[in-house]
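Residue-level structural notes
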Amino acid sequence: MHDDQDEPLAHGLKQRHLTMLGLGGVIGAGLFVGSGAGIAVAGPGIVVSYLIAGALAMLVMRMLGEMSAAMPASGSFSVHAERALGRWAGFSVGWLYWFLLVVVLAVEATAAAQIAHGWVPGIAQWAWVLIFMVVFTCANLAAVKNFGEFEFWFAGLKVAAIVLFLGLGLLAAFGVLPETEAVGVTNLTGAGGFLPNGWEGVVAGVLTVVFAFGGLEVVTIAAAETEDPARNVARAVRAAVWRILFFYVGSMVVIVTVLPWTAQKAGISPYVTVLDAIGVPAAGQIMNIVVFVALLSALNANLYGSSRMVFSLAERGEAPKALLKVSGGEGESGGVPRRAVLASVAFGFVSVVLNLLWPDTVFLYMLNAVGAVLLFVWGLIAASQLRLRRRIEREAPETLTLKMWGFPWLTWVTLAGLGGVLLLMLTDDAARPQLLWSAAATGAVLVVAMVRELRARRA
């Protein structure tokens, strides 16, 4: 079932790149800044919200890891969906994921530009966006190992920041740091108890934080560009999901233990609030740097992921064949899908311009249109795994080096969980517009996919 031997892309990524990509692609502003919104609705119960959302993401990644280890491909879950469910599924999930990445790319570039503009007001925000886009386009046009190195060091800084935060937080909680007292479980049980807003708060918290786990999928896309895709993707998936869960849940435990959950302020990173409280000088500026790096890291990973996805679509005749051209050259310097990179960055530039000109109208609609796409992608991954597992067991059981736990029951539980989150979005006033716009975008792509399918059958 392996077909990575025919992959024209270079094998310039190493295991260390892949492991850090797994960590770096997902640790972003959603954790450092967005987690405050989850704490506001769930209180200390946010720990349970992250455990539930993290378990869902972990199960999806385990399924994706199983299929990618057995059948490594640069199109990852788009290729799996095509093999399991038909061309319409591969086309739909591939284009939806590409659209998701290039729209989110604009959010990251704009947010990073706002931070940089605050540091150097003399350079306009749009100019910063341009600088970032050009730098990362060049990094992605060069050898794939350049992308890997960029992402390795960016992710390393984020991971180091979280580890340092966890260490300082624990020392503060035990009263080891100067001018701190051991807090015990006071802040977990005071101010309304562990679940101040009941289980409804926990459920609302899940809705707030589940999207923070998006981005892990890029590992399985990148695995096709390593020397031993099957072995490397299995190791990277195993390492990434457990560490992500530890970092996310651990951070939340520290945040709600060190300070009462009511001490968090809207619009201010919970990490900054905690670091300020335990007396870390210039905590706000330190976190600004970490968030800045997190945004650029995510921008880099999304540009990479979107270019490989559209390249894979072109390989299967689902995107213009012109995107198939890869760079020449020996070894790692060759095999870069430069036209696919430029096509992705071009749409990224369009998204950025829309975000700068009409952030509250045109771009907001685009952002809403991709709001729930991640859940649709995860749903198709689970559906694909249900179909492919049996086929792999029959045709090439030796390739099942990474197996989904409790198959098929846990796969069905995951699908039910994803359905539950979509149902919650439908009943939530704030999330409903995202779900409806995303459903409309998904419906439009499905219609195009079905029309193409009918035309192909008649031909």
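The structure displayed is predicted, hence computed values, not measured ones.

This part is about the overall build of the protein. Scanning the protein from terminus to terminus reveals 19 helices and 0 strands. Computed over its C-alpha atoms, the radius of gyration of the protein comes to 22 Å, within 12% of the 23 Å expected for a compact globule of 459 residues. By principal-axis analysis of the C-alpha atoms, the protein measures approximately 75 × 55 × 40 Å. Counting the 459 residues in the protein, one finds 57% classified as buried. For the protein, the share of sequence-separated contacts (at least 6 apart) that also reach a separation of at least 24 residues comes to 80%. Positive and negative side-chain charges in the protein, numbering 29 and 28 respectively, have mean positions lying 7 Å apart.

In terms of residue burial, helix α13 (residues 270–277) counts as a mostly covered element, since 6 of its 8 residues are buried. Those residues of α13 that sit buried are Pro270, Tyr271, Val272, Thr273, Val274 and Leu275. Tucked into the core, α13 has its buried residues touching α2 (29–32), α3 (35–42), α8 (144–173), α12 (229–258) and α14 (283–315). Directly beyond the C-terminal end of α13, a positive phi value near 85° is found at Gly279.

As a further point, take a nonpolar patch on the surface. On the surface, Trp126, Leu130, Val134 and Leu356 cluster together to form a nonpolar patch covering roughly 380 Å² of accessible area. For the nonpolar patch, the element with the most residues is helix α7 (residues 125–141), which contributes 3 residues. On the secondary structure map, Val134 appears in helix α7. Classification of Val134 by relative accessible area gives partly exposed; the value is 42%.

A few words now on unusual backbone geometry. Here Phe407 and Pro408 are connected by a cis peptide whose omega angle stands at 0°. Looking at the secondary structure, you find Pro408 in the loop between α17 (373–395) and α18 (409–427). A positive phi is found at Ala282, a non-glycine position, where the angle reads about 55°. For Ala282, a relative accessible area of 53% gives the class exposed.

Ranked by size, the top nonpolar core spans 151 residues in total, and within it Ile27, Tyr248 and Trp378 carry the most contacts. For this core, the element with the highest residue contribution is α14, accounting for 18 residues.

This part covers the side chain of Ser251. By secondary structure assignment, the location of Ser251 is in helix α12. The buried category is assigned to Ser251, whose relative accessible area is 0%. Apart from the residues within four sequence positions on either side, Ser251 is in contact with Ile162, Phe165, Leu166, Phe246 and Tyr271.

A separate point is the packing of helix α4 (residues 46–70) against α12. In contact at an axis separation of 10 Å, α4 and α12 are set at 175° when each is read in the N-to-C sense. If you check the angle between α4 and α12, you find them roughly antiparallel. Grouping the constituent residues of the contact of α4 with α12 by class yields 20 nonpolar, 3 polar and 2 charged.

Note on placement: Asn187 falls in helix α9 (residues 186–189). For Asn187, a relative accessible area of 11% puts it in the buried group. There is a polar contact of 2.8 Å between the side chain of Asn187 and the backbone oxygen of Thr257. Within polar-contact distance, the side chain of Asn187 engages the backbone oxygen of Val258 at 3.0 Å. For Asn187, the contacting residues outside a window of four places in its chain are Pro44, Val256, Thr257, Val258, Leu259 and Pro260.

We now examine the pattern of salt bridges. According to the stated counting rule, one finds 10 salt bridges in the structure shown. In this structure, Glu66 and Arg389 form a salt bridge, with 2.8 Å as the shortest nitrogen-oxygen distance. A residue pair is termed long-range when its members are at least 10 positions apart, and Glu66 in helix α4 and Arg389 in helix α17 qualify at 323 residues. Judged on exposure class, the residue Glu66 and its partner Arg389 are both buried.

Let us now look at the environment of Val183. You can see Val183 is positioned in the loop between α8 and α9. Taking the C-alpha atoms as reference points, Val183 and Ala173, separated by 10 residues in sequence, lie 5.6 Å from one another. When neighbours within four sequence positions are excluded, Val183 is seen to be in contact with Ala173, Thr257 and Val258.

Our next topic: the packing of aromatic side chains. Under the definition given, this model contains 20 aromatic pairs. Pairing Phe132 with Phe292 gives two aromatic rings, centres 5.7 Å apart and planes at 65°, and the pair type is edge-to-face. In this pair, Phe132 is assigned in helix α7 and Phe292 in helix α14, connecting sequence segments 160 residues apart. Just as Phe132 is buried, Phe292 falls in that class too. Through successive ring pairs, a cluster of aromatic residues spans Trp95, Trp98, Phe99 and Phe347.

The subject of this paragraph is the packing of helix α15 (residues 338–357) against helix α16 (residues 362–370). At a minimum axis distance of 8 Å, the contact between α15 and α16 shows a crossing angle of 125°. Considering the angle they form, α15 stands oblique to α16. For the crossing formed where α15 meets α16, the hand is left-handed. Facing Phe347, Ser351, Leu354 and Asn355 of α15, the residues of α16 in contact are Val362, Phe363 and Met366.

Next up on the list: the environment of Pro397. Along the polypeptide, Pro397 turns up in the loop between α17 and α18. The sequence separation of Pro397 and Ala70 amounts to 327 residues, and the corresponding C-alpha distance is 8.8 Å.

Thresholds, definitions, all that
- Residues numbered from 1 in each chain as written.
- Predicted model: local features only at pLDDT ≥ 70, side-chain atom pairs only at ≥ 80, totals over all residues.
- Heavy atoms only, no water.
- Helix = DSSP H or I, 4+ residues; strand = E, 2+ residues; numbered from the N terminus.
- Rg over C-alpha atoms; globule rule 2.2 N^0.38 Å.
- Buried < 20%, exposed > 50% of the residue type's maximum accessible area, 1.4 Å probe, protein only.
- Contact = heavy atoms within 4.5 Å.
- Lys, Arg positive; Asp, Glu negative; His and termini not counted.
- Charge placed at Lys NZ, Arg CZ, Asp CG, Glu CD.
- Patch = residues over 30% accessible without salt bridge, like charges linked within 9 Å, V, L, I, M, F, W, Y side chains within 5 Å.
- Areas by Shrake-Rupley, 256 points an atom, 1.4 Å probe, with all protein chains shown as cover.
- Salt bridge = Lys/Arg side-chain N within 4 Å of Asp/Glu carboxyl O.
- Core = buried A, V, L, I, M, F, W, Y, C linked by side-chain atoms within 4.5 Å.
- Axes fitted to C-alpha atoms, helices over the stretch in contact; angles between N-to-C directions.
- Parallel < 35°, antiparallel > 145°, perpendicular 65-115°, else oblique.
- Nonpolar A, V, L, I, M, F, W, Y, C, P; charged D, E, K, R; others polar.
- Polar contact = N/O pair within 3.5 Å; in protein donor to acceptor, adjacent residues only side chain to side chain.
- Phe/Tyr/Trp six-rings, centres within 6.5 Å; stacked < 30°, edge-to-face > 60°.
- Left-handed = near helix turned anticlockwise from the far one by under 90°.

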